[in-house]
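Tertiary structure, described
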Amino acid sequence: MTVIIVGAQLGDEGKGALVDRWGGEADVVVRYQGGDNAGHTVVEDGEEYKLSLVPSGSVRGKTGVLGNGCVVNPRTLFDEIESLQEQGLDPDVRLAERAHVIMPYHRVFDNMEEADKDESGSGTKVGTTGRGIGPTYEDKAGRRGVRVGDLLDPDVLRDRLEYTVPQKRAIAEEVFDVDTGVEFDVDQLVAEYAAYGERLREEGMTVEAGDFLYEQHADGANLLFEGAQGTSIDIDHGNYPYVTSSNPTAGGAAIGSGIGPKLLGEGEIVGIVKAYLSRVGSGPLPTEMTDAEEDLANKIREKGGEFGTVTGRPRRIGWLDIPMLRHAARRSSFTAIAVNHVDVLAGLDELKVCHQYDLDGDTLRTVPATTEEWAACEPAFREFETWAEQDWSAIVEEGYDGLPAAAREYLGYLEEELEAPVYAVGVGPDRDQTVERETPWE
Ligand code: GDP
Ligand code: IMO
Ligand code: MG
């Protein structure tokens, strides 16, 4: 069967932790979009693993597939595999030959355009991770990209680069007035990237991923799809232009892996919810804690470790936003949710949730399509009872009913509003710090 894990908010909801938790019963873990902009954390018996491109199932020794919808930076991929090997893992990663490759000039373009947006005063700077994600997807859509399969044939690779690189260099120099260097040198690029192709071939790391997954599924394998980023930064369903350049929503799993939606629809789609909001990067955040709530935001940031895994930037903090979650549940057809960081909210003096928005006197229960309207939404808050610090490991033993009544009230409200049951509740970062009610494989 299949299970899709989708970020319900703005990324960093704890997807990696749930992929790991439920990865024990998976045979293959598939990333279907994004690239090394993702930072997924897995903690197993106190040992922390930071995963970026390598699917989180590798902590459990599962085969990981980077589907055609991903953008792959071979430099950071091999670095990551090596550092995971130093931590004692043996990642088995297969790359879709159809996936696009992040080239050095894509990173230059990412940073160049962000700087330009910043200087323009247009307010359109996204606060990207600087990993070249957007420019790589642009080239994919522009039919001038380099695919993983192209790395396997140095002649094809050279042909692609000889067309693209002079164009890129001219844009960088003439439009953006930036000095270009080795990132735009075709010979050097061919030498380095053909060597990656050689290594991929030698290590048997490339596949026609759609067929590979189809056959695995036909043989009865359990496929776990690991979404990166989150619904509100989806290129289509997020708050454009403050988004990433791919589709984290569940539909992305079909397009980005080559497994059809009918088959995926027979499985489960679990939305991962953080019990409050965090956002790294620019863009509106209607429920962002105000200046008067700064101490509270700092407390949550420290306690929840809310600093970007990829960039180390402090994350912005907000109250849970139910219209955002209704939007997410509808866009991805959540069959269940998992709610993380319930421990982080323990011991607060107050607990608020945005139930709906007020926009110029109108009541909105979901997210308006324009980002300007979303930014103008005034949250209408509901107060919830807080819960105190707990002996969480005892609660994990006891199960869902052992959670404090106020927390169950909060979770019950979420279930009702999202029309999806809570399968798991995160009460700490470790694999064992999860109160599990049901697994999606049952
Ligand atoms: P992802 O990008 O969605 O996989 O999430 P990240 O790994 O970037 O960020 C989530 C952070 O919270 C990581 O440091 C996790 O180890 C941690 N985490 C996950 N679930 C919980 C939880 O329930 N409680 C606490 N305190 N931390 C959690
Ligand atoms: P995970 O998988 C949170 C944000 C960036 C920026 C915007 C676009 O760990 O949840 P990009 O580099 O993708 O072009 O940046 O998206 N962003 C994330 N925020 N978690 C992530 O991934 C993110 N990946 C990208 O901060 O605002
Ligand atoms: Mg993350």
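Structure's up top.
A short tour of the structure in this document, coming up. (Residues numbered from 1 in each chain as written. Chains lettered and ligands numbered in written order. Predicted model: local features only at pLDDT ≥ 70, side-chain atom pairs only at ≥ 80, totals over all residues. Heavy atoms only, no water.)

**Things to note about the coordination of the magnesium ion (ligand 3)**
Donor atoms from the polypeptide that coordinate the magnesium ion (ligand 3) comprise Asp12 (OD) and Gly39 (O), at 2.0 to 2.1 Å from the metal. Here Asp12 is found in the loop between strand 1 (2-7) and helix 1 (15-23), whereas its partner Gly39 is found in the loop between strand 2 (28-31) and strand 3 (40-44), with 27 residues between them in sequence. (Donors = N, O, S within 2.8 Å, 3.2 Å for Na, K, Ca; no water. Helix = DSSP H or I, 4+ residues; strand = E, 2+ residues; numbered from the N terminus.)

**Details of the packing of aromatic side chains**
With the rule as written, the count across this model stands at 8 aromatic pairs. Ring centres of Phe109 and Phe176 lie 6.4 Å apart, and the angle between their planes is 65 degrees; this geometry places the pair in the edge-to-face category. Of this pair, Phe109 sits in helix 3 (residues 104-120) while Phe176 sits in the loop between helix 6 (154-175) and helix 7 (186-202); the two residues are 67 residues apart in sequence, bridging distant segments of the chain. Ring centres 5.5 Å apart and planes at 85 degrees place the aromatic pair Phe384 and Tyr410 in the edge-to-face group. One end of the pair, Phe384, is in strand 18 (residues 378-384); the other, Tyr410, is in helix 15 (residues 405-418), and 26 residues separate them in sequence. Within the aromatic cluster, the residues linked to one another by ring pairs are Tyr105, Phe109, Phe176 and Phe184. Across the ring face of Phe381, the terminal group of Lys352 is positioned such that the distance to the ring centre comes to 4.3 Å. Directly above the aromatic system of Tyr400 lies the positively charged group of Arg437, at a separation of 3.7 Å from the ring centroid. (Phe/Tyr/Trp six-rings, centres within 6.5 Å; stacked < 30°, edge-to-face > 60°. Lys NZ or Arg CZ within 6 Å of the ring centre and 35° of its normal.)

**Focus: empty space enclosed by the protein**
Applying the stated criterion to the full structure yields 1 cavity of 30 Å³ or more. There is about 70 Å³ of room inside the largest cavity. Surrounding the largest cavity, 13 residues form its lining, Ala17, Pro429, Asp430, Arg431 and Thr434 being those nearest its centre. For the lining of the largest cavity, the element with the most residues is helix 1, which contributes 4 residues. Grouping the amino acids of the lining of the largest cavity by side-chain chemistry returns 4 nonpolar, 5 polar and 4 charged. In this structure, the lining of the largest cavity is formed jointly by two domains, domain 1 (2-97 + 204-265) and domain 3 (273-436), each of which donates at least three residues. (1 Å grid on protein atoms, 1.4 Å probe; cavity = no way out; pocket = protein on both sides within 12 Å on 5 of 7 lines; lining within 4 Å. Points joined across faces, edges and corners; volume = space filled by probe spheres on them. Nonpolar A, V, L, I, M, F, W, Y, C, P; charged D, E, K, R; others polar. Domains from an automatic or database assignment.)

**As for the nonpolar core**
Counting 103 residues, the largest nonpolar core has Leu161 and Trp387 as the members making the most contacts within it. Listed in part, the 15 residues of the second largest apolar core include Ile5, Val19, Val29 and Ala336. (Core = buried A, V, L, I, M, F, W, Y, C linked by side-chain atoms within 4.5 Å. Buried < 20%, exposed > 50% of the residue type's maximum accessible area, 1.4 Å probe, protein only.)

**Notes on helix 7**
Note: α-helices contain 3.6 residues per turn, so residues at a spacing of three or four share the same orientation. The terminal C-alpha atoms of helix 7, which comprises 17 residues, lie 24 Å apart, in line with the 24 Å expected from a rise of 1.5 Å per residue. Within the span of helix 7, buried status applies to Val186, Leu189, Val190, Tyr193, Ala194, Tyr196, Gly197 and Leu200. Within helix 7, the buried residues cover an arc of 155 degrees as seen down the axis, which keeps them to one side. Away from the buried face of helix 7 by more than 90 degrees, exposed residues Ala191 and Glu202 are located. Two or three places before Asp187, at the start of helix 7, stands the capping residue Asp185, its side-chain oxygen 3.1 Å from that residue's backbone nitrogen. One or two residues past the end of helix 7 sits Gly204, with phi positive at roughly 60 degrees. (Expected span 1.5 Å × (residues − 1). Arc of directions from axis to C-beta. Polar contact = N/O pair within 3.5 Å; in protein donor to acceptor, adjacent residues only side chain to side chain.)

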